[in-house]
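# What the coordinates show
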Amino acid sequence: MRRAAAITAAILLIGALYILAGRRAAGEAGLPLDDAWIHARLARSLAQGRGFGFNPGEHSAASSAPLWTLLLAVPAAAGLPFPWAAYLVGIGTTAALAAVAYRLAARVTSDGEAGLLCGLLIVGTHPFPWAGLSGMETNLAATLVLGTILAAFDGRTGASLGFAAAAGMVRPELAALPTFVLVDSLLRMRPFSKAAALGSTLGCAGASFAPFLLDRMLTGLWLPGSFQAKVGRHGVLSAVLEGRTDLVPGIVVSNPSLYLVPLLAALLRDNGALLLLAPIGFRRFLERRPGTHLPWMIGLLLPSVMAIAAPFGGPLFHEQRYIAPIVATMVVSGGIGLFALPGRLSGRGIRRATIGVIVALSAWGTWAGMDRYAREVKNITDMQMHIGRWLRERPGGPGTIATNDIGAIGYATEAPILDLTGLASPEIIPYLRPAIPAAAGRGWNGASEAGLLEFLRARKPDYVVLFPSWYPSRFFQDALGEAILRVDLEDNLICGDRTMIVYCPGWGAGVPWKDATSGD
């Protein structure tokens, strides 16, 4: 009971400090990512009985974490406004993460003190304090991955596959997790049984398919919109789907090092001591029976799969949002490794000193993370939320808005949104990526400016809101008409650019977009 109280107190104290820091910086409670407001708008739509859609009456694959969005809809349906609904669910999932970390460490080491240490470390090591108040799915994904490991360690392959299936509903890249569970179960199967192997294989197939089925049920699509809009063009999956198999060998050779080196740097920054101790923890997982290979697989193989299949943003992107399950695995493995040190190195005095160093390293990262959290909340509030509120108050209402950051602007205005990246408006993607190479422009992520302008002129939104650096050519910006609002951030940390502009296009005027090139 005392251990649970200590972990709970740590969660509430750190959470309160982060919320207060963000509120002080921004002047109000907020969220540090525009993506968090995408979840908020979708969850509000669900809570109001309007379905899983970003725009009224439209199914949307804008959420890459549908299980998280469904969870957010629960407090929203009870009347709790955002961002407080997101805070509540975030703190709840942080508590669940700590509980699973505690149980896993105590189970592997047979030591409650190891469980307490890992429970405290998981709530006090970046990125988990940041994630708990971010409005994002990060800590839920990490909880489900640790649950997958715990069930596998206890020899419960079916339960492990169930956790893995749920994890894939929270982060798309975790759809690879059931395959790891299958391989782990086959490696541990003593004696080997064809019937058990067949059952595990069928269970793996079902668990792997489950996230795609949920997407299909909610949105009518098999894949989240982020695959086509952002991630899909950066790895082997895209090369194969586009028929460019000649690119596959180069991707397989080059991508892992480009991804794993920054990942190692991130883990060292979070807590280098735990990273050094993690291999000892991996061995400990295998020394006990039935044991599991999953920790080292998640620590080493999962990031390699991510790097090769469909990388986007890198390990540091969005405060390690994509690699949080890997970080959680390393934190717990490192804590277990400390309690598995050889006798001469595990004396009480040495252990206490080591624990002190480890806790200090995590505390320093958490303190630095709190400063970034506050600045990021201020960035989103001062730019996207400010623009959304300004548009909401326009005479006659905001009409239809086209923008490349749909979250806070969409949440604040409640207006129909055209997503210029294609996340919530997949119909734009053929315009952004035309089949004719000469039509490609130099827009964000290789987008065709001419194609985007063609789409805008066909749909005629009332306002266009974008980062001018994402579509820099003069012909494109001139075609958008009058710039009626400009927001510049002095200390941008999280927004796509320090400047965002609201245009009021005059679509009646002719614009020579068909013959334009992407040059100035």
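The rules we used
- Residues numbered from 1 in each chain as written.
- Predicted model: local features only at pLDDT ≥ 70, side-chain atom pairs only at ≥ 80, totals over all residues.
- Heavy atoms only, no water.
- Pairing = 2+ DSSP bridges.
- Helix = DSSP H or I, 4+ residues; strand = E, 2+ residues; numbered from the N terminus.
- Axes fitted to C-alpha atoms, helices over the stretch in contact; angles between N-to-C directions.
- pLDDT = per-residue confidence, 0-100.
- Contact = heavy atoms within 4.5 Å.
- 1 Å grid on protein atoms, 1.4 Å probe; cavity = no way out; pocket = protein on both sides within 12 Å on 5 of 7 lines; lining within 4 Å.
- Points joined across faces, edges and corners; volume = space filled by probe spheres on them.
- Phe/Tyr/Trp six-rings, centres within 6.5 Å; stacked < 30°, edge-to-face > 60°.
- Lys NZ or Arg CZ within 6 Å of the ring centre and 35° of its normal.
- Patch = residues over 30% accessible without salt bridge, like charges linked within 9 Å, V, L, I, M, F, W, Y side chains within 5 Å.
- Areas by Shrake-Rupley, 256 points an atom, 1.4 Å probe, with all protein chains shown as cover.
- Salt bridge = Lys/Arg side-chain N within 4 Å of Asp/Glu carboxyl O.
- Buried < 20%, exposed > 50% of the residue type's maximum accessible area, 1.4 Å probe, protein only.
- Parallel < 35°, antiparallel > 145°, perpendicular 65-115°, else oblique.
- Nonpolar A, V, L, I, M, F, W, Y, C, P; charged D, E, K, R; others polar.
- Core = buried A, V, L, I, M, F, W, Y, C linked by side-chain atoms within 4.5 Å.

Attention now moves to the sheet that holds strand β4 (residues 482-488). Spatially, five strands are ordered β2-β1-β3-β5-β4 in an open sheet, and the strand pairing comes out mixed. Of all strands in the sheet, those with a lone pairing partner are β2 (417-419) and β4, marking the two edges. Strand-to-strand twist in this sheet, taken as the mean axis angle between neighbours without regard to direction, amounts to 20°. Pairing analysis gives six bridges linking β4 to strand β5 (residues 499-504), with the strands arranged antiparallel. Residue pairing across strands places Ala-483 opposite Tyr-503, the latter belonging to β5.

Another aspect to go through is the confidence of the model for the protein chain. Per-residue confidence for the protein chain averages 90 on the pLDDT scale, and 93% of its residues sit at or above 70. Across residues 510-520, confidence stays below pLDDT 50; counting only partners more than four residues off in sequence or on other chains, it has 22 contacts.

Our next topic: the layout of surface pockets. Estimates place the volume of the second largest pocket at around 470 Å³. Lining the second largest pocket are 28 residues, with Asp-35, Phe-317, His-318, Ile-494 and Gly-496 sitting closest to its centre. Secondary structure elements with two or more residues in the lining of the second largest pocket: α2 (34-47) and α16 (348-392).

All right, on to the packing of aromatic side chains then. Applying the stated criterion across every chain yields a total of nine aromatic pairs. For Arg-41, the ring lying beneath its charged end belongs to Phe-54, and the centroid distance is 4.3 Å.

Let's shift gears to a nonpolar patch on the surface. Residues Phe-209, Leu-213, Met-217, Trp-222 and Leu-223 make up a contiguous nonpolar surface patch of about 500 Å² in total accessible area. Here Trp-222 lies in the loop between α10 (194-219) and α11 (225-229). Among the residues examined, Trp-222 registers a relative accessible area of 41% and is labelled partly exposed.

Position of Thr-403 relative to the elements: it lies in strand β1 (residues 401-403). Residues within four places of Thr-403 in sequence aside, it is in contact with Ile-409, Ile-417, Leu-418, Asp-419, Leu-420, Val-465 and Met-500.

Quick look at the packing of helix α9 (residues 177-188) against α10 now. Each pair of packed helices can be described by the angle between their axes along with the distance between the axes. Where α9 contacts α10, the two axes come as close as 9 Å, and the packing angle between them is 170°. On the basis of the axis angle, α9 is roughly antiparallel to α10. From α9, Pro-178, Thr-179, Leu-182, Ser-185 and Leu-186 reach across to α10, where they touch Ala-197, Ser-200, Thr-201, Cys-204, Ala-207 and Ser-208. Taken together, the residues of the contact of α9 with α10 sort by class into six nonpolar, five polar and no charged.

In summary, soluble globular proteins display a tendency toward joint burial of nonpolar side chains. One finds Phe-82, Ile-122, Ile-387 and Leu-456 to be the most contacted residues of the largest nonpolar core, which totals 157 residues. Apart from residues lying up to four places away in sequence, Ile-122 is in contact with Leu-97, Ala-98, Ala-101, Phe-128, Ala-328, Val-331 and Val-332.

Looking now at the pairing of strand β3 (residues 463-466). Within a regular strand, side chains alternate between the sheet's two faces. Taking every second residue as pointing to the same face, both faces of β3 are buried, with Tyr-463 and Val-465 on one and Val-464 and Leu-466 on the other. One ladder, built from three bridges, connects β1 with β3; its direction is parallel. Bridge pairing in β3 links Ile-401 to Tyr-463. Here β3 runs beside β5; their pairing, made up of three bridges, is antiparallel. Each bridged residue has a counterpart across the sheet, and for Val-465 the counterpart in β5 is Val-502.

Once that is clear, we can look at unusual backbone geometry. In this structure, Pro-83 follows Phe-82 across a cis peptide bond, with omega equal to 10°. The residue after Arg-190, namely Pro-191, is reached through a cis peptide bond having omega -5°. Looking at the secondary structure, you find Pro-191 in the loop between α9 and α10. Its identity is not glycine, yet Ser-110 carries a phi of approximately 55°, on the positive side. Considering the arrangement of structural elements, one finds Ser-110 in the loop between α4 (84-109) and α5 (112-124). By relative accessible area, which is 55% here, Ser-110 ends up exposed. For Lys-460, which is not glycine, the phi dihedral falls at a positive 50°. Structurally, Lys-460 can be placed in the loop between α19 (449-459) and β3. By relative accessible area, which is 48% here, Lys-460 ends up partly exposed.

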